[in-house]
Amino acid sequence: MLIAPSILNADNLNLAKEIAAAKEAGITRFHLDIMDGHFVPNLSFGPQLVQDFKKQFPDLEAEVHLMSSNLRGMLPDFVKAGADLIEFHYEADYANQIPGWLDYLHDSGVKAGIVLNPDTEIRVLKPLLPKLDQILIMTVYPGFGGQKFMEVAPSRIKAAKDLAGEIPIEVDGGINAETAKLAKEAGATVFVAGSYIFSQKAIDQQVAELKRILEE
Ligand SMILES: O=C(CO)[C@H](O)[C@H](O)COP(=O)(O)O
Ligand SMILES: [Fe+2]
């Protein structure tokens, strides 16, 4: 079980402090949400954030969740910035182009993942499985932090788990102490949590509580 905090809703003017607090609580990977204002109706970070993150925290893993359909323009920038794992949306390009982008990431020495929006059929993953290091099942419509975990999510996680075998299934959106449990029972092993970790009580307390729930 791995918790990958999303810094989307962290205090932008104190990011290093907030990341350090989560690291202190045992976090080894961060989930960096990249939104381009077009694929999703919101803007967030660019490659500079990833580069600065790796410069300041070289021992932490940077997982990039790319919410853009400009894969040709954006993927090389995030590779250069030092991302350890890049996951892009299945909906971002034609189906026949997706395997090539996954190969591009692997050839660049970066782990590769695919993200599925809540309306995309799970079976599209099947031909891609040999090229995937991780599968991200969105449990909200992407674009904003602080949304509610969708009711349909557990059955989708289970369907992905049944297909994926050993490939880790990650969940993203509305994860808290209750929904993390549901996602875990359905087969998820990587848990993105944004507002649960950064917009409530002390960061270390939130991480410890989520860890406790996932270890039960
Ligand atoms: O990809 C995302 C939104 O598109 C974020 O990773 C996600 O929403 C995390 O925030 P929260 O845990 O608050 O839902
Ligand atoms: Fe995300």
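Data block above holds the structure.
Figured I'd write up the structure that's included with this text. (Residues numbered from 1 in each chain as written. Chains lettered and ligands numbered in written order. Predicted model: local features only at pLDDT ≥ 70, side-chain atom pairs only at ≥ 80, totals over all residues.)

## Observations concerning the pairing of strand β7 (residues 169-172)
Neither face of β7 is left uncovered, since the one carrying Ile169 and Val171 and the one carrying Glu170 and Asp172 both have all their residues buried. Where strand β6 (residues 134-138) meets β7, 4 bridges bridge the pair, whose relative direction is parallel. Residue Ile137 lies in a different strand from β7, and its bridge partner there is Val171. As a crossover connection, the stretch from β6 through helix α5 (residues 153-164) into β7 is right-handed. As paired elements, β7 and strand β8 (residues 190-193) share 3 bridges and run parallel to each other. Across the sheet, residue Glu170 finds its bridge partner in β8, namely Val190. (Buried ≥ 20, exposed ≤ 12 C-beta atoms within 10 Å, placed from the backbone. Helix = DSSP H or I, 4+ residues; strand = E, 2+ residues; numbered from the N terminus. Pairing = 2+ DSSP bridges. Right-handed = clockwise from strand over helix to strand, strands pointing away.)

## Description of the packing of helix α6 (residues 177-186) against helix α8 (residues 203-215)
At their nearest, the axes of α6 and α8 sit 9 Å apart, and the two run at 30° to each other. Overall, the two elements α6 and α8 adopt an arrangement that is roughly parallel. Read as a crossing pair, α6 and α8 show a hand that is right-handed. Of the residues in α8, those in contact with Ala177, Ala180, Lys181 and Lys184 of α6 are Glu209, Leu210, Ile213 and Leu214. Of the residues assigned to the contact of α6 with α8, the class counts are 5 nonpolar, no polar and 3 charged. (Axes fitted to C-alpha atoms, helices over the stretch in contact; angles between N-to-C directions. Parallel < 35°, antiparallel > 145°, perpendicular 65-115°, else oblique. Left-handed = near helix turned anticlockwise from the far one by under 90°. Contact = placed C-beta atoms within 7 Å. Nonpolar A, V, L, I, M, F, W, Y, C, P; charged D, E, K, R; others polar.)

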